[in-house]
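Understanding the architecture of this molecule
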Amino acid sequence: MKHSSIQSKIMNAILLACSVVLLLSAGAYFVFEYVSYKKTVKNNVATLAGIIASNSSAALAFDSRADARDILGALKSNPHIVAACLFDEHNRLFVAYPATIDSKLLPTSPQPDGYRFINGTLEGYEPVMQQSGRLGTLYIQSDLKEIYTQLGRLIFIAGLLFAGSLTVAYFLSVFLQKRITKPILLLENTARTISEQHDYSVRAVKTNADELGSLTDAFNQMLTEIELQNQTISQLAAIVESSNDPIISMALDGTITSWNDSAERTFGYAAGEMIGQSILTIVPPDRIEEEAEILARLEQGERIEQFETQRLTRNKKLLDISLTISPLKDAGGKIIGSSKIARDISEKKQAERRKNDFIGMVSHELKTPLTSIRSYVQVLLAEAKRRGSDAFIVNALTRTDVQTKKMSHMIQDFLNLARLEEGKIQLMLQEFQLQPLIEEIAGDAQFLTTNHKIITDNCADVNVWGDREKIGQVLMNLLTNAIKYSPKGGDIRISYTSENEKVRIRVSDQGLGISPAEQKKLFQRFYRVENEQVQMVSGFGIGLYLVSEILRYHNSQIEVESKEGDGSSFYFSLETQR
Amino acid sequence: MRGKTTYRLLMACFLLTAGNFTPAIAQGKPPLEYQVKAAFLFNFTRFVHWPASSFASADAPFVIGIAGNDPFGTYLDDMVADEKVDGHRIIVRRYADGQELSGCHLLFINNNDPAKLSACLSLVVHQNVLTVGDNDNFIKAGGILRFYKDENRIKMEIRLAAAKVAQLEISAKLLQVAKVN
C-alpha cells in the first residue's frame, strides 16, 4: 500500500498511540502480576511453613529427630522448596531438609521471624509454637521459578496480544485515516492543479462540515478573490499597456520591473530586454547623478511631477521627456520602488526653441533701429528745448522719448528672456549699495508716469550681493507692473528691511490687486491676468516671469501678497554677502 | 477409706525415696538424663489438656508433683518458675511417702518397688493426674506415660486407656512421637 506523507503520519500516530497504550497497560499488568505472584508465593510458603512448624512442635519438644525429619519430608510435595530446617529453642540446628543438604547452605542460626526475598529466593523464619510457648524456629527457602515461569507465560501472552492488537490497529488506522486525509488530499490535489495550470476558476469540493470544510471554503473564497484581483490586475495592466506615455516601474536599486508598450515604442527596447536591467540604460551619462537624486527623493516618500529631463533611446538619440515619478509602497506602507510616467516632450521643446530663436532674432533686429530712433528723438528734444520751440513740440518729443524708452525696455526684456531660456544668462555678481540703485530705478520709473507717485522709503544704507543691472531690471519690472495695474494712480512704495544677513525688498501699490487664483499663475511665461479691468493694459506677460527667473538665479524668489481692489505687494530677498 | 489409702501411699513414697538419695540433688543440677526428663515433664503441660474441673479455682496453680525420691533438685523448679499452663502458674510439690497425693496434675513417680508403685498409682487413678514414671513396669502398674531409653535417647510410651480414665486429652502430636498402646 502506497501512502501519502500525511496518511503515513496519521497512521503512525495511531499505531504509536496504540503501542504506547498497550505497552503501558502490559507493563502495569506485568508489575501488578509480578507483585501479586510474589505475594501468592509468599502466602503459599508461609502457609506451608505454618503447618510444618505446627506439626514439628512435639518433635522439637520431645527431641524426636526422626519425627521431625518425617514432618519436614512432607515438603517434597512442593518442588520449589529447596531447603528447610528446624532450630530448637536454643537456636541449634535440629533437623535439615532435604536430609542430604550441605549445612553450609543453611543459616547458622535463625534470623528474625518473617519472609524475605533474597538473591532470587524466598526465605522465611516461622516460629514453632505450642500453646503460646516457643519451641524453636522453622527455616524455609523457596525458589522463585514459579514466579518466573508465570511471568514468562505472561510475556508470551502479552507479546501475542501486542502483535494481534497492532495488526488490528494497523487495519483500523488504514480505514480511519481515510476519513481525515481524503478531504485534505482532495484539497491538495486541487491546489496542485491550480498552481500547475494557473486556472483559478477551479474550486475544491467540500466534503465535510468540520474544520477541513471551513478550510475548503476559505480556500475557495481565496480563489474567488484571486480571480477578481486577476481581473483587476489585467484591467490595470491593459490600461498601462494602452497608455500613450511610457510607464516604467522599478525597484529602489533602479532595476526595471515593468515596461509598457509605449516605453517599447518610445525607447526602442522590448519589455523582455529591459525588465531586470538597470534604468541607467536609458539615462544619458551626464545625467546619471540625476537618477540617484530622484531615488533619494523618492525614498523620502516624495512624488516628483513634471520633471523635465532627457533620456537615451536605443538608437542613442536624446529624447526630451517630462517625468512624473511616484513611490510604490508595499502593503505595510514601506517604499519598495517607483513608477515613472514619461512624456515625450521633444516636439514641444523644439517648438519652444524655435520660438525663442525667433524672439531673440526679432528683438535683436528691432533693437538696432530703435536705438537710433531713440538717439535722434533725444537729440531733437534737446535741440527743441535749446531753441525754445513751442510747448507742443517739446511735449510730443518728450512723450516719444518716454515711449521709445519703454519700447527698448520691452525689447531688452525679450532679449533677456531668450537668453534665459537658452541658459545663456551671465550674472555679474558683486556687492553693491542697495539704496542708490532703488533711487535710480525709482527716478527712471517716475518718468513713465505722471499720475503715480513713487516713494522710496529712506532706509539705512545696506550692501547686497548680486548682479546690479539684473536686480535693477527686477525693480524696474515690478515698478512698471505697479504703474500698469494701478490705472487710477496713487502711491507706489519701495522699501526694504534687513534681517539675518538678508534684505527683504518690498514693492507695493494701491492698484487693482490680484485674485488668489491668479496669484498662482502670475509668474508663468506669457501669462496675463484676465479680467475686464486689465483688458486695456498693454504688455506681453513676460515681466514677472523674467523677475522670477532672475531671482531664481540669485537663489531667491518672488512672493506676492494681494487683495482684489486693494493693491498688491511683491517681495523678494537678497543676501547681504556672497 | 481415703485417709487410709493416703497414709499408705505416703508411707510407701517415704520408704521409696529414703534409699535413693543422691549427692547430685544437693548440688542443684541433676544428671543430663534428668535434665531432659525435666524438660519433657514441662513440655507435657503443652501437649496435654487437663479438664477445667481439675483446678479448684481460676487462679489455682498447676501442680507438678514428685512422689518418691526427687531426682531433679531445684532444676525443675527453676525451669517452670515463670511458665504457665492455661493461665495457671506452675508449682512443683514434693510428696513424702504416705502423704496425701491430692491436688496435683502431673505426678512423676520415682519408685521401683512394684507394690509401692501400684499403691501410689491406685491413689490417683480416678483423679485428673498425668502419671509419669520410668520404671519398666510403670504402664503395667497402671501409669499413663513411661520414659524409656532407646539408643541412648529418652523415649516415651503412653497408655491411652489410662489417660482416658484420668480424663486427659493428649495431643496427637505427642502421640506421634511416642509409643502408644
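Quantities reported herein were computed from a predicted structural model and do not represent experimental measurements.

Calculation notes
- Throughout this document, residue positions are counted from 1 along each chain, in the order its sequence is written.
- Chain letters and ligand numbers both follow the written order, the letters beginning at A and the numbers at 1.
- It should be noted that, the model being predicted, local features are given only for residues of pLDDT at least 70 and side-chain atom pairs only at 80 or more, the latter also being counted only at that level, while totals for whole chains, interfaces and linings use all residues.
- To get the side-chain values, all heavy atoms of the structure are used, and hydrogens and water are removed first.
- A helix here means a DSSP run of H or I that spans at least four residues, while a strand means a run of E at least two residues long, and both kinds are numbered starting from the N terminus.
- Residue contacts are defined here by distance: any two heavy atoms, one from each residue, within 4.5 Å place the two residues in contact.
- All accessible-area figures derive from a Shrake-Rupley calculation using a 1.4 Å probe, and residue coverage is judged against the displayed protein chains alone.
- One number per residue, pLDDT, summarises how confident the predictor is, and it ranges from 0 to 100.
- The definition of a nonpolar core used throughout is a set of buried Ala, Val, Leu, Ile, Met, Phe, Trp, Tyr and Cys residues joined through side-chain atoms within 4.5 Å.
- Accessibility here uses a 1.4 Å probe with only protein chains present; expressed as a share of the type maximum, an area under 20% marks a residue as buried, one over 50% as exposed, and anything in between as partly exposed.
- Nitrogen and oxygen atoms within 3.5 Å of one another constitute a polar contact, given that in protein one can donate a hydrogen and the other can accept it, and given that sequence-neighbouring residues count only through two side-chain atoms.
- Strand pairing follows a simple DSSP-based rule, namely that at least 2 bridges must link the two strands.
- Every axis corresponds to a line fitted to the C-alpha atoms, with the helix fit spanning only the stretch in contact, and the corresponding angles, defined between N-to-C directions, vary from 0 to 180 degrees.
- Here the angle decides the label: under 35 degrees means roughly parallel, over 145 means roughly antiparallel, 65 to 115 means roughly perpendicular, and every other value means oblique.
- Left-handed describes a crossing whose near helix is turned anticlockwise from the far helix through less than a right angle; right-handed describes the clockwise counterpart.
- Just so you know the grouping, Ala, Val, Leu, Ile, Met, Phe, Trp, Tyr, Cys and Pro go in nonpolar, Asp, Glu, Lys and Arg go in charged, and all remaining residues, Gly too, go in polar.
- Directions are taken from the helix axis to each C-beta atom, and the arc is the one they span.

Right, let's talk about the overall build of chain A for a bit. In terms of helices and strands, chain A carries 13 helices and 17 strands. Counting contacts in chain A only where the partners sit at least 6 residues apart, residues at least 24 apart contribute 59% of the total. Carbon and sulfur atoms make up 55% of the accessible area of chain A, which totals about 33000 Å².

Another aspect to go through is the confidence of the model for chain B. Residues shown with low pLDDT carry predicted positions that ought not to be read at fine detail. Residue and element names in this part refer to chain B. Chain-level pLDDT for chain B is 82 on average; 84% of the residues reach the 70-or-more range. Averaged pLDDT values for the elements of chain B fall to 41 in helix α1 (residues 2–18) and rise to 93 in strand β6 (residues 130–133). Every residue in residues 1–26 scores below 50 in pLDDT, and together they form 62 contacts with partners more than four places removed in sequence or on other chains. Scoring the predicted complex yields pTM 0.51 and, for the interface, ipTM 0.78.

What follows concerns the nonpolar core. Within the largest apolar cluster, 71 residues are counted, with the highest numbers of intra-cluster contacts made by F62 of chain A together with F44, M156 and L174 of chain B. Core analysis: the second largest hydrophobic core is formed by 37 residues, L434, M476, A482 and F523 of chain A among them.

On to the side chain of T121 of chain A, then. All names here are of chain A. Mapped onto the secondary structure, T121 falls in strand β4 (residues 121–130). The buried category is assigned to T121, whose relative accessible area is 14%. In terms of polar contacts, T121 uses its side chain to reach the backbone carbonyl oxygen of I118, at 2.7 Å. Residues within four places of T121 in sequence aside, it is in contact with R116, Q141, S142 and L144.

Looking now at the sheet that holds strand β3 (residues 114–118) of chain A. All names here are of chain A. Read across the sheet, 5 strands follow the order β2-β1-β5-β4-β3 without closing on themselves; strand pairing throughout is antiparallel. The two strands at the open ends of the sheet, each matched to only one other strand, are β2 (93–97) and β3. Here the average twist between neighbouring strands, direction ignored, is 15°. Along the sheet, helix α1 (residues 5–61) makes contact with β1 (81–88), β2, β3, β4 and β5 (133–143), crossing β4 at roughly 35°.

Residue and element names in this part refer to chain A. Assignment of secondary structure puts T309 in strand β8 (residues 304–312). Exposure remark for T309: the relative accessible area of 3% places this residue in the buried category. A polar contact of 3.4 Å, which involves the side chain of T309, links it to the side chain of R311.

This part is about the packing of α1 of chain A against helix α3 (residues 145–197) of chain A. Residues and elements named next belong to chain A. Interhelical geometry of α1 versus α3 gives an angle of 160° and a closest axis separation of 8 Å. Considered as vectors, α1 and α3 are oriented roughly antiparallel to each other. The chirality of how α1 crosses α3 is right-handed. Considering only residue class, the contact of α1 with α3 consists of 25 nonpolar, 7 polar and 3 charged.

This next bit is on helix α2 (residues 65–73) of chain A. Along α2 of chain A, the residues classified as buried are D67, A68, I71 and L72 of chain A. Here the buried residues of α2 of chain A occupy an arc of 135° about the axis, which is enough to place them on one side. Where α2 of chain A is buried, its residues touch α1, β1, β2 and β5 of chain A together with α7 (172–177) of chain B.

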